[in-house]
Structures are given as structure tokens and as C-alpha cells.
Amino acid sequence: MNLRSKLARVAALLFSLTLLAGYVVYSHSTPNTPPPDPLGLNDVESRQEPDPFAFSGTVKADNTSPSSERPANELRIISSKVINQPVFSVHQHPRPSFKALFHLWNSSNGPAVHYVDPNIRFHMFGIHLEPLYSDDPSPPK
Amino acid sequence: MNLPTVILSTGLSILFLVVLFRPLEKLFPAREGQKFMRPAFWTDLFFLLGQYLLWSGLVFWALSHFRGWLDGFVPQKFRTAVAAQSWWLLALEMIVLSDFIIYWAHRLQHAVPFLWRFHSIHHSAEHLDWLAAHREHPLDTIYTVGLINLPAFILGFPLETLAGFLAFRGLWAIFIHSNVRLPIGPLRMIIGAPELHHWHHDKARDAGNYANISPLMDILFGTYRCPDHEPEAFGIHEPISKHYLGQLWHPFRPKR
């Protein structure tokens, strides 16, 4: 083996080790995100258990509480032969809160019997829904 | 995550894996001359895409429920005490417990015909590289990942604290499948190496080297194999479809 191929090997090794170290540091300091859910499994669960939760999306190095005390979408899992979540997750920036109105139409009692006022907060990939039900037919101000 | 985000993050992940592993496979090849686009490349790429875009959600969902179901078995005080340990002790405990469970679970996959139906998909790869690591039936993944996480879920290990270690472990699991022969000396007795796992995929003989990250369990239970050369061939003897959907369906086919 000549000097050039030796140098190439050393360079490749250092390069890969650097990438590996960078990935480890990135993974440790970046909140994990739930994997894509094209099968809609999480929706099925949320209909059965409508208890809302907010995803804080932070990893605390000094966090010493057991995993079971945290929301389900903070679950990290040990990979075996595969990486079970994307190596890189593209994060959405936090957006300001806003309110959305859904005007429900009830044909038997006339229009606008119920107003649902969900307060939707976007923070990373978490959505917090707080439905407020009211018999007041006037729209919220 | 919306669709463009998922596609972008999957593309970045693939790019990262190529950039990380391809130079090593080129400069330290276990099998000289194996091309990037080797036979069954597309099948394995479909497995990778299936995992990233479809099955990881199923695995995550199954594990979330599994963890929730396990929560009731162990007192909360005990979990809190476990979580309060230093991270290196947690990592050590996790390696020992997870590897012990996955070692025997993996041996069962090779010994029990029902489990082998699913696990044989992973072993059907005839060309090992970073991409072939992803050839795995989704139900096989749930089995493996569920069991390897079992001690952490039961004991309440704070996996967020060990996030960097888990990331390393995930990449190492891909590395040991890569087409790399990079002897790491005595270190291979601690963290394993491609040269060991390639013998697990040997077509000519019954597999040894069942352990996940550390071969200590193989050494302990007498299944450690490390010849000084590469196996002649990888794969399995039984007939199996070459295509992604055929392989997904393979475990459910009636016995002949």
C-alpha cells in the first residue's frame, strides 16, 4: 500500500468518525420527533383518549425522572439493526399562537348551536387543543 | 410531520448514511469490487424507505403502548431511584440487560420456525452493506426493538439522558452490516465489529454471533466466532422472493 492510499484511508476514517461524533452530539442535544404516522394510528388513539397534551420537545441532560413520567411522544427507543426514526429531523420553528373558529351546524336546532373554540398552539410538532363548548349562538369576540 | 418534511428528512438521512459509510466501504472493503448499486439494491432501498416513511410510526406506536402497559408493573419509587443513577452506570446496565435479552431473543429467532419466518427476511440479503442493514420485516422489527427496550421500559431508564448513546448504538448496528473490514483489535470484544456480524450472516453454516452491540454474551454462551477471513457467501438456502412486497408477504405464506 502506497503512502497516498494510506493517507486516503486515514482521512476517510477521521471523516467518518467526525460525522459519527457529530451525529451523536446532535442527537443528544436535539429533541426527537415522533416518526411519520401515515397509518393514522395516533389519531385512533386520540379519539379513544381525548386527554390533550403538549409536546415540550426538549431534552434535558440532567433530567432524572423515569421515562414513564413523560408524554408518550418523548419516547426514545433503542435501535437495534435499524435507526427507528429519521437520522435527521427537519424542525419547524415555533409559530405564534392563534385561535381558530369552527362553526358547527346542527340541522335540528337551527344554525350555530355550538361553537368550538380550539386554542391551537404550534410548538415544534405538538398541537394543544382546548375545545371550549358554548350554547351561546353568538360568535366569540 | 407533513409529507414534504418527512421526505426531506428521509432524503437527508439517506444522504448522511451514504456520506458516512460509503468512504469506509470504498477504502476498507470486506468484499472487493462490490458496487454501490449491487444486486437487490432497490429491494433494500424499499425496505429503508418503508421503515422511514411507514413502519417506524407503527413500531413507535406499538412501543408507546407496550411501555404504557408495562408502567403498572414496577413501583414508581423504584423507577425514580433507577433514573437517579449516573449516566454511565445507566448505559452499562442497559447494555448488559438489553444485550442479555436480545441475545436469547435472537437465538430464538433462529431456532423457532415461526420467528424465523420473519427473521429470515433479514438474512436473505446476499450482499451486505449499510443499506442491507435495513432489510427487516416490520413485525420482526417490533419484536427486536420491543425486547431490546424491555429493561429500559420496566426499570424506567431515562432514555432521553442517554440519547447520544442510543444514537451511537443505532448507527453502529448499521455499521456492522456494512461492507467494511476494519479490524479494531481487542476492542471488538467490547463493541463488536462488522467482521463478527458478517459471520452471523454466513450462508454456509448455522449462525453464531447473536449479540447486539457487545459480543460479551456470545463469549459467555459459547457462540462467538471470528475467523480471520470473510464468509464465502451470505444469504439463506430456502427460496424467497427477491422483491419487497414478496418478502413482506413471505412469513404469511402457507407452509409447503
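Residues numbered from 1 in each chain as written. Chains lettered and ligands numbered in written order. Predicted model: local features only at pLDDT ≥ 70, side-chain atom pairs only at ≥ 80, totals over all residues.

Overview of the overall build of chain A
The test is simple: Secondary structure elements follow DSSP: runs of H or I no shorter than four residues count as helices, runs of E no shorter than two count as strands, and numbering proceeds from the N terminus. Neighbour density around each residue's C-beta defines its exposure: 20 or more other C-beta atoms within 10 Å make it buried, 12 or fewer make it exposed, and counts between make it partly exposed, where C-beta atoms are placed from the backbone. Each residue gets a C-beta atom placed from its backbone, and two residues are in contact if those atoms lie within 7 Å.
Helix and strand counts for chain A come out as two helices and six strands. Start at the N end of chain A and walk to the C end: the helices and strands fall as α-α-β-β-β-β-β-β. Looking at chain A as a whole, 18% of its 141 residues qualify as buried. Restricting the contact set of chain A to residue pairs at least 6 apart, pairs at least 24 apart contribute 54%.

Concerning the overall build of chain B
The line we're drawing: Radius of gyration: C-alpha atoms only; globule rule: 2.2 Å multiplied by the number of residues to the exponent 0.38.
Helix and strand counts for chain B stand at twelve helices and zero strands. Sequence-ordered secondary structure for chain B, helices as α and strands as β, is α-α-α-α-α-α-α-α-α-α-α-α. By the compact-globule yardstick of 18 Å for 256 residues, chain B fits well, its C-alpha radius of gyration being 18 Å. In terms of overall dimensions, chain B has C-alpha extents of about 55 × 45 × 40 Å along its principal axes. Per-residue burial over chain B gives 43% buried out of 256 residues. Expressed as a percentage of contacts within chain B between residues at least 6 apart in sequence, the contacts between residues at least 24 apart total 72%.

Focus: the environment of B:A207
Residue and element names in this part refer to chain B. Secondary-structure assignment places A207 in the loop between α10 (194-200) and α11 (216-221). Assessed through the 18 C-beta atoms surrounding it within 10 Å, A207 is described here as partly exposed. Residues A207 and R225, spaced 18 residues apart in sequence, show a C-alpha to C-alpha distance of 9.0 Å. Setting aside residues up to four positions removed in sequence, A207 forms contacts with H110, H200 and D202.

A short note on the confidence of the model for chain A
All names here are of chain A. Basically, it comes down to this: Each residue carries a pLDDT value, the predictor's own confidence for that position, ranging from 0 to 100.
On average, residues of chain A score 56 in pLDDT, and 28% of them are at 70 or above. For chain A, per-element mean pLDDT is lowest for strand β5 (residues 126-128), which scores 35, and highest for helix α1 (residues 3-29), which scores 86. Scored below 50 in pLDDT, residues 89-107 shows 30 contacts in the model against residues more than four places distant or in partner chains. A low-confidence stretch, residues 110-141 stays under pLDDT 50, and its non-local contacts, those more than four residues away or across chains, total 62 contacts.

Brief notes about the packing of α1(A) against helix α8 (residues 163-175) of chain B
In a pair of packed helices, the angle between the axes and the distance between the axes together describe the arrangement. The line we're drawing: Helix axes use the C-alpha atoms of the stretch in contact, all axes being lines fitted to C-alpha atoms, and the angles between their N-to-C directions lie in the range 0 to 180 degrees. Roughly parallel means an angle under 35 degrees; roughly antiparallel, over 145; roughly perpendicular, 65 to 115; everything else is oblique. Crossings are sorted by hand: turned counterclockwise from the far helix by less than a right angle, the near helix makes the crossing left-handed, and turned clockwise it makes it right-handed. Note that Gly is not counted as nonpolar here; it falls among the polar residues with everything else outside the nonpolar set of Ala, Val, Leu, Ile, Met, Phe, Trp, Tyr, Cys and Pro and the charged set of Asp, Glu, Lys and Arg.
The geometry of α1(A) relative to α8(B) is characterised by a closest axis approach of 7 Å and an angle of 135 degrees between their N-to-C directions. On the basis of the axis angle, α1(A) is oblique to α8(B). The way α1(A) lies across α8(B) gives a crossing that is right-handed. Facing α1(A), whose interface residues are A:L20, A:Y23, A:V24, A:V25, A:S27 and A:H28, α8(B) presents B:A163, B:G164, B:A167, B:F168 and B:L171. Looking at the contact of α1(A) with α8(B), its residues break down into eight nonpolar, three polar and no charged.

Digging into unusual backbone geometry
Residue and element names in this part refer to chain B. A positive phi angle, near 65 degrees, is found at A40, a position not held by glycine. As for its placement among the helices and strands, A40 is situated in the loop between α1 (3-27) and α2 (41-70). The backbone of N209 shows a phi angle near 50 degrees, a positive value even though the residue is not glycine. Tracing the backbone shows N209 in the loop between α10 and α11. Accessibility expressed as a C-beta count within 10 Å gives 23 for N209, which makes it buried.

A word on helix α5 (residues 113-123) of chain B
Within α5(B), the full set of buried residues consists of B:F118, B:H119, B:S120, B:I121, B:H122 and B:H123. On its buried side, α5(B) packs onto α4 (87-111), α6 (138-148) and α12 (244-249) of chain B.

Quick notes on the nonpolar core
All names here are of chain B. What counts is decided by this rule: In this description, a nonpolar core means buried residues of the types Ala, Val, Leu, Ile, Met, Phe, Trp, Tyr and Cys, linked to one another by C-beta atoms lying within 7 Å.
Of all hydrophobic cores here, the largest spans 36 residues; its most connected members are W130, A133, F157, L162 and I174. Put simply, the parts of the chain that give this core at least two residues each are α1, α2, α3 (76-83), α4, α7 (150-155) and α8. Take this core: its biggest share by element is nine residues, from α8. Among residues more than four places away in sequence, those in contact with L162 are W87, L90, A91 and M94. Residues L63, Y103, V145 and M217 belong to the second largest nonpolar core, which totals twelve residues.

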